[in-house]
Amino acid sequence: QFKFWRALLEPMVLQVKDDKEEKSSIPSGVRLAILHSIQVSLSVLLKYDLYLPSYPDPEQRNFAYLQTLSNIMLLCAESCLTSGNDDVALESSSEQELCEILLSLQALLQTNHHILHGSLQRLLLVAANCLPEISDGSGKSETELARQQQLGGDLICSAVLTYSRLRQLEHLFAALLIVQARDQSEPSEAFSLLERIIQDTRILNEIRKAILSCPQGQ
């Protein structure tokens, strides 16, 4: 089942990968449709358990493929967050793409947290950048902004819940601290990302519940 799913998905993943490596130029509308198809495919993977860690996986080829896919999605998200600053139309397109990517990352995290464990800092950084600044003065429409904030918050809440259930909150908190200090040349910006997370009530409630549910001595 996984091989069949991968065979269907592979052409779309290669299109996005080549576009990010500047080997091709995909129109924004087509790229958005591809990212949406990838997101839907990942939701099918999750819903019908097409991949589980307990399934036979010789040389971990299936796991490695999902890791590669997660890296491509993170690269796309990082690109969306840095593009379109001087072009309103491009920014709108990037916002829509980013929402599809966030949903894809959410599905990958829920499928198996190990897929994104090695990229946890990047995942948190992407999600935090989707949350509003303390004083948000962006020109984004309220609908675009609300959906991006919702999905960014959902992704962080999902990470907190996952690592809480696995009794690995220390990894999550360590990653958050590294995100805060990721760039010593821009400490104010790094702190701003942590402030975005702290001001989100849903995330704070999820963190509070996770800490309270920790066994004594952990």
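Preceding block: the structure.
Because the structure is predicted, anything quoted here is derived from the model rather than measured. (Residues numbered from 1 in each chain as written. Predicted model: local features only at pLDDT ≥ 70, side-chain atom pairs only at ≥ 80, totals over all residues. Heavy atoms only, no water.)

Looking at the pattern of salt bridges
Going through the model one piece at a time under the given rule, you end up with six salt bridges. Aspartate 154 is the partner of arginine 202 in a salt bridge, and the nearest nitrogen-oxygen pair spans 2.6 Å. With arginine 202 in helix 10 (residues 201–212) and aspartate 154 in helix 7 (residues 142–165), this residue pair connects regions lying 48 residues apart in the sequence. Taking the relative accessible area as the measure of exposure, arginine 202 reaches 32% and is therefore partly exposed. What makes aspartate 154 partly exposed here is its relative accessible area of 23%. Put simply, glutamate 206 and lysine 209 hold a salt bridge, and the shortest N to O gap is 3.9 Å. Highlighted residues: glutamate 206 and lysine 209, both in helix 10, separated by three residues, approximately one helical turn. Judged by its relative accessible area of 18%, glutamate 206 is buried. (Salt bridge = Lys/Arg side-chain N within 4 Å of Asp/Glu carboxyl O. Helix = DSSP H or I, 4+ residues; strand = E, 2+ residues; numbered from the N terminus. Buried < 20%, exposed > 50% of the residue type's maximum accessible area, 1.4 Å probe, protein only.)

Focus: the packing of helix 3 (residues 61–82) against helix 6 (residues 120–130)
Packing of helix 3 against helix 6 brings their axes to within 10 Å, and their N-to-C directions diverge by 35°. The chirality of how helix 3 crosses helix 6 is left-handed. Residue-level contacts link Asn71, Leu74, Leu75, Ala77, Glu78 and Leu81 of helix 3 to Arg122, Leu123, Val126, Asn129 and Cys130 of helix 6. Here the residues of the contact of helix 3 with helix 6 are counted per class, giving seven nonpolar, two polar and two charged. (Axes fitted to C-alpha atoms, helices over the stretch in contact; angles between N-to-C directions. Left-handed = near helix turned anticlockwise from the far one by under 90°. Contact = heavy atoms within 4.5 Å. Nonpolar A, V, L, I, M, F, W, Y, C, P; charged D, E, K, R; others polar.)

Here we look at helix 3
Over its 22 residues, helix 3 extends 32 Å from the first C-alpha to the last, a length consistent with the 32 Å expected when each residue adds 1.5 Å. Here helix 3 has its buried residues at Asn62, Phe63, Tyr65, Leu66, Leu69, Ser70, Ile72, Met73, Leu74, Cys76, Ala77 and Cys80. (Expected span 1.5 Å × (residues − 1).)

Quick notes on the packing of aromatic side chains
Scanning the model with the defined rule gives two aromatic pairs in all. For the pair phenylalanine 2 and tryptophan 5, a centre-to-centre distance of 5.3 Å together with 40° between the ring planes defines the contact as tilted. Residue phenylalanine 2 and its partner tryptophan 5 are located together in helix 1 (residues 2–20), separated by three residues, close to a single helical turn. Each ring, one from phenylalanine 2 and one from tyrosine 51, has its centre 5.8 Å from the other, and the planes form 55°; the classification is tilted. Taken together, the residues phenylalanine 2 in helix 1 and tyrosine 51 in the loop between helix 2 (28–47) and helix 3 connect sequence positions 49 residues apart. (Phe/Tyr/Trp six-rings, centres within 6.5 Å; stacked < 30°, edge-to-face > 60°.)

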